[in-house]
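Architecture at a glance
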Amino acid sequence: MTLQDGYHAFDFADLSAREAYKVMIGTIVPRPIAWVTTISPDGVVNAAPYSFFNCLSADPPILALGVENKPDRSFKDTAYNIRMTECFTVNIVDRANVEAMSVTAAAFPPEVDELEIAGLTAVPGDRVACPRIAEAPVAFECERYLGIAVSSAREIILGRIVRAHIRDDIIDPDTFYSDHEKLDALGRMGGNGYAGTLDYFDLPTPSVEDVRRSGKKQVQVSNT
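For the structure given in this document, a descriptive report is provided here. (Residues numbered from 1 in each chain as written. Predicted model: local features only at pLDDT ≥ 70, side-chain atom pairs only at ≥ 80, totals over all residues. Heavy atoms only, no water.)

Looking now at the pairing of strand β4 (residues 34–39). Most of β4 is tucked away, with six of its six residues classed as buried. Covered by surrounding structure in β4 are Ala34, Val36 and Thr38 together with Trp35, Thr37 and Ile39, the residues of both alternating faces. When β4 meets strand β5 (residues 45–50), the two strands line up antiparallel, connected through six bridges. Pairing of Thr38 across the sheet is with Asn46, part of β5. Bridging between β4 and strand β8 (residues 87–92) involves four bridges; their strand directions are antiparallel. Considered in β8, the bridge of Ala34 is made with Ile92. (Buried < 20%, exposed > 50% of the residue type's maximum accessible area, 1.4 Å probe, protein only. Helix = DSSP H or I, 4+ residues; strand = E, 2+ residues; numbered from the N terminus. Pairing = 2+ DSSP bridges.)

Right, here's the structure in full:
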């Protein structure tokens, strides 16, 4: 690590996995939370939150999960169930469900139904075998699209969205616009921190002509 011009420079080759993790989760914030529900081949429902998550594509509609393996490098229940059943559901966490979500983050053994422990309701999937969480404001039913073993410690799972369930007060079915205040989603910060999405403002993307007219910045635009 070096300090130059007020910035600490970290070479990730010199960091342990834990140190790299701490650098990333403390600065790549807020991260949306995928509250993932799966089902085992034996029919046991599993639920767990993951903040290494985001949408990557709309055509086709693809979500991505980063799932860490157990210390012995065996799959966590989520990754194992997705491999065996080829499906999962991503539920969005809102403020009303944050305590229940926290319960499902506990390291229960595979035979335990986390939704039951947390007092949540499992609703059968319409297009996939695993359930969604009835109390969640949004749920995306996904089929496994691709799994990428980036190392023995972690797998990236891509899922193709096949159906979405969005609470009726959140989305306008004619315009497809969602009300962020009604959704009241939460994101993950570093450590034990969370952040809400109600600290919101609009900032339209300007055109090149708007920027040039403003005179606030001299922008060099390439025509190539």
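In space, the seven strands of this open sheet follow the order β5-β4-β8-β11-β12-β7-β6, with antiparallel pairing throughout. Every interior strand has two partners, whereas the edge strands, β5 and β6 (53–58), have only one. Neighbour to neighbour, the strand axes of the sheet diverge by 35 degrees on average, direction disregarded. Of the strands in this sheet, β4, β5, β7 (61–68), β8, β11 (138–149) and β12 (154–166) touch helix α2 (residues 77–85), which is tilted by about 50 degrees from β4. (Axes fitted to C-alpha atoms, helices over the stretch in contact; angles between N-to-C directions. Contact = heavy atoms within 4.5 Å.)

What follows concerns the layout of surface pockets. Taken as a whole, the largest pocket spans an internal volume of roughly 1300 Å³. If you trace the largest pocket, you find 43 residues lining it, with Tyr21, Tyr50, Glu68, Lys76 and Arg154 closest to the centre. At the level of elements, α1 (17–27), β5, β7, α2 and α3 (98–104) are the ones that each hand at least two residues to the lining of the largest pocket. When residues in the lining of the largest pocket are grouped by element, the largest group, six residues, is from α1. If you add up the space inside the second largest pocket, you get close to 560 Å³. Lining the second largest pocket are 24 residues, with Pro32, Ile92, Phe140, Leu183 and Ala185 positioned closest to its centre. Elements with a minimum of two residues in the lining of the second largest pocket: β3 (31–32), β6, β11, β12, α5 (180–183) and β13 (186–188). Ranked by the residues each element gives to the lining of the second largest pocket, the list is headed by β6, at three residues. The residue inventory of the lining of the second largest pocket, partitioned by class, reads 18 nonpolar, five polar and one charged. (1 Å grid on protein atoms, 1.4 Å probe; cavity = no way out; pocket = protein on both sides within 12 Å on 5 of 7 lines; lining within 4 Å. Points joined across faces, edges and corners; volume = space filled by probe spheres on them. Nonpolar A, V, L, I, M, F, W, Y, C, P; charged D, E, K, R; others polar.)

Function-wise, these values are silent; they only describe arrangement.
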